[in-house]
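One-letter residues, chain by chain:
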Amino acid sequence: MKIPVAGLVKRVSGTGDFISLDADKCTQCGRCIISCVMQLWKKTGDRIGLIKDYQSKCLECGACYQVCDADAIRFRYPQGGTGIIYERG
Ligand code: SF4
Ligand code: SF4
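Scope of this entry: the structure provided in the associated data block. Remember, predicted model here, so these are calculated numbers, not experimental data. (Residues numbered from 1 in each chain as written. Chains lettered and ligands numbered in written order. Predicted model: local features only at pLDDT ≥ 70, side-chain atom pairs only at ≥ 80, totals over all residues.)

## Here we look at the overall build of the chain
Piece 1. What the chain contains, in helices and strands, is two helices and six strands.
Piece 2. Beginning at the N terminus, the succession of helices and strands in the chain can be written as β-β-α-β-β-α-β-β.
Piece 3. Against the compact-globule benchmark of 12 Å for 89 residues, the chain has a radius of gyration of 13 Å, which places it among compact chains.
Piece 4. Expressed as lengths along the three principal axes of its C-alpha atoms, the size of the chain is roughly 35 × 30 × 20 Å.
Piece 5. Here the chain holds 89 residues, and 19% of them are scored as buried.
Piece 6. Contacts in the chain between residues far apart in sequence, at least 24 positions, make up 68% of those at least 6 positions apart. (Helix = DSSP H or I, 4+ residues; strand = E, 2+ residues; numbered from the N terminus. Rg over C-alpha atoms; globule rule 2.2 N^0.38 Å. Buried ≥ 20, exposed ≤ 12 C-beta atoms within 10 Å, placed from the backbone. Contact = placed C-beta atoms within 7 Å.)

## Observations concerning the site of ligand 1
Piece 1. Taken together, the neighbourhood of ligand 1 is formed by 14 residues, with Cys26, Cys29, Cys32, Cys68 and Ala70 sitting nearest.
Piece 2. Of the residues in the shell around ligand 1, the class split is 10 nonpolar, three polar and one charged. (Near = placed C-beta within 6 Å. Nonpolar A, V, L, I, M, F, W, Y, C, P; charged D, E, K, R; others polar.)

What follows is the structure, given as structure tokens:
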């Protein structure tokens, strides 16, 4: 289930890429797909990847990074005050 976050967060543009995948390390286990509550990871054919505009939808929770036993996902928080701002919680 996709989590409805409209009204709960604000976003500051300009993050650039802050999550990347090393396809050579990826075992296609699918754990990133299952763990992402925003459904930003997809399997297309035999390739795993993020959707194109993941930067504007990502919660920066790091779950995909945490569950990847193959160490195939690189995650860093966006720099310079860009990215998500939680309004509550
Ligand atoms: S969790 Fe890691 S190894 Fe598994 S499909 Fe995602 S990127 Fe590939
Ligand atoms: S950091 Fe969280 S919301 Fe962003 S792609 Fe990974 S699991 Fe999905």
